[in-house]
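Below, each chain spelled out in residue letters.
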Amino acid sequence: MDFSGRIGRVIDNPVEAQSAAMEEGHVWRKRNRVNALGSHSPLHQPLLSSVIHIAQLWFYGKITREESHRIIHQQGQVDGLFLLRVSQSNPKAFVLTLCHHQKIKHFQILPCEEDGQVFLSLDDGVTKFTDLIQLVEFYQLNRGVLPCKLKHPCTVVAL
């Protein structure tokens, strides 16, 4: 669907649909560039470019390294089992906790700035993402610098 005008329309051409989706996504991100304090600085935005990852089942927020180990153990320690959390050592960073060969590994996701825009990266800026959802989706399809693909998200279970 194309919602850029006053009314929506069905797009039959796959190339046009992909282009519209990308365009709408970029417009949406630009609208959310101003943080709660009214700052336009990318480094002062709440959780960098967006906070949409908070709604993801694999995002645990501010938990400790030990808590992430406990959660991985509880959910089976299978290859590709993962969760994301806020870094305890760097408030601007996140951590990907991943199980591989029944060992739990932690990968820091750091912000990097390019042309005034902040990106997230696991590999010192070689591969950059505008948000955590893009990062997770990429590493679900590609191993990249990780020992294995992200296969099984640890889901937050409310009791």
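Coordinates for the structure precede this section.
Residues numbered from 1 in each chain as written. Predicted model: local features only at pLDDT ≥ 70, side-chain atom pairs only at ≥ 80, totals over all residues. Heavy atoms only, no water.

Draft legend 1. Molecular detail of the pairing of strand E1 (residues 81-86). Most of E1 sits out of view: six of its six residues are buried. Side chains Leu-81, Leu-83 and Arg-85 of E1 all project onto a buried face; the interleaved residues Phe-82, Leu-84 and Val-86 project onto the opposite face, where all are buried too. Across two bridges, E1 lies against strand E5 (residues 152-153) in parallel orientation. Bridging from a neighbouring strand, Phe-82 pairs with Pro-153 of E5. Relative to strand E2 (residues 94-100), E1 is paired through five bridges, and the arrangement is antiparallel. Within E2, the position partnered with Val-86 by the bridge is Phe-94. (Buried < 20%, exposed > 50% of the residue type's maximum accessible area, 1.4 Å probe, protein only. Helix = DSSP H or I, 4+ residues; strand = E, 2+ residues; numbered from the N terminus. Pairing = 2+ DSSP bridges.)

Draft legend 2. Seen up close, helix H3 (residues 132-141). Taken together, the buried positions of H3 are Leu-132, Ile-133, Leu-135, Val-136 and Tyr-139. Viewed end-on, H3 has its buried residues packed into an arc of 160°, placing them on one side of the element. Next to the buried residues of H3 lie E1, E2, strand E3 (103-114) and strand E4 (117-121). Two or three places before Ile-133, at the opening of H3, Asp-131 has a side-chain oxygen 3.1 Å from that residue's backbone nitrogen. (Arc of directions from axis to C-beta. Contact = heavy atoms within 4.5 Å. Polar contact = N/O pair within 3.5 Å; in protein donor to acceptor, adjacent residues only side chain to side chain.)

Draft legend 3. Summary view of helix H2 (residues 65-74). Taken together, the buried positions of H2 are Ser-68, Ile-71 and Ile-72. One face of H2 carries all of its buried residues, which in axial projection span an arc of 100°. Of the residues in H2, the exposed ones pointing more than 90 degrees away from the buried face are Glu-66 and Gln-74. Elements that come into contact with the buried residues of H2 comprise E1, E2 and E3. Immediately downstream of H2, the backbone of Gly-76 shows phi near 115°, a positive value.

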